[in-house]
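Reading the structure
Residue strings, one per chain:
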Amino acid sequence: RIERARESVENLGSKLRRETVHALQLKGMKLGALLDQLESYSPLKVMDRGYSFCQDESGKIIRSVRDLELDRLLQLRFKDGRARCRTEYIEEDSTGV
């Protein structure tokens, strides 16, 4: 009777270990997927896809041509560096897009 109880405890312990490992593997896979999703929103990853952004001399991000002035010094930021430039021409899209 004690031997059967010991076997039962051992079997339950083995099952618990297997289920725990399985649950941890599932959680690890879900965490990996969430990390991939979060990384895809990273500004650096967006810039890896070819995007850049523009800042004025004070570092403020330029979001619209309406924020520009002729002969204004700007800084363009790329994934691998930056460039300084000056506005020579400004044209606003008629669509506003």
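Our subject in this report is the structure included herewith. As the structure is a computational prediction, the values presented were derived from the model and not from experiment.

Rules behind the numbers
- What you see as residue numbers is a count from 1 along each chain, following the sequence as written.
- Predicted model: local features are reported for residues with pLDDT of at least 70 only, side-chain atom pairs are reported and counted for 80 or more only, and whole-chain, interface and lining totals are derived from all residues.
- To obtain the side-chain values, all non-hydrogen atoms of the structure were used and water was disregarded.
- Working definition: helices are DSSP H or I runs of at least four residues, strands are E runs of at least two. Numbering for both runs from the N terminus.
- When checking whether two residues touch, look at their non-hydrogen atoms; a contact exists if any pair is within 4.5 Å.
- Note on exposure labels: buried denotes an accessible area under 20% of the residue type's maximum, exposed denotes more than 50%, and partly exposed covers the range between, all computed with a 1.4 Å probe on protein chains only.
- Two N or O atoms count as a polar contact when they lie within 3.5 Å, although within protein this holds only if one can serve as hydrogen donor and the other as acceptor, and sequence-adjacent residues are included solely when both atoms are side-chain atoms.
- Patch membership requires more than 30% relative accessible area and the absence of a salt bridge. Residues of like charge join within 9 Å; the nonpolar side chains Val, Leu, Ile, Met, Phe, Trp and Tyr join within 5 Å.
- Areas reported here follow the Shrake-Rupley algorithm with a probe of radius 1.4 Å; residue values treat only the protein chains shown as occluding.
- Think of a salt bridge as a Lys or Arg side-chain nitrogen and an Asp or Glu carboxyl oxygen that are within 4 Å of each other.
- Whenever a pair of cysteine sulfur atoms sits within 2.5 Å, that pair is classed as a disulfide.

For the rest of this paragraph, the subject is the side chain of Q75. If you trace the backbone, Q75 turns up in strand β2 (residues 73-78). Ignoring sequence-local partners within four residues, the contact set of Q75 consists of F53, C54, Q55, R82, A83 and R84.

What follows is about the side chain of Q55. Along the chain, the position of Q55 falls in strand β1 (residues 53-55). When its relative accessible area of 11% is taken as the criterion, Q55 is described as buried. From its side chain, Q55 meets the backbone oxygen of G59 in a polar contact 3.0 Å long. Leave out the neighbours within four places in its chain, and Q55 touches K60, I61, I62, L74, Q75 and R77.

Let's shift gears to a nonpolar patch on the surface. Among the surface-exposed residues, L31, L35 and L38 lie close enough to one another that they form a single nonpolar patch of about 310 Å² accessible area. Relative to the helices and strands, L31 resides in helix α1 (residues 2-40).

So, about unusual backbone geometry. Non-glycine residue D71 carries a positive phi angle of around 60°. Within the element layout of this structure, D71 appears in the loop between β1 and β2.

Each disulfide consists of a covalent bond between the sulfur atoms of two cysteine residues. All told, the structure shown has 0 disulfides when counted by the stated rule. C85 supplies the cysteine sulfur nearest to C54, a cysteine that is in no disulfide, at a spacing of 6.0 Å. Of the residues examined, C85 reaches a relative accessible area of 27% and is grouped as partly exposed.

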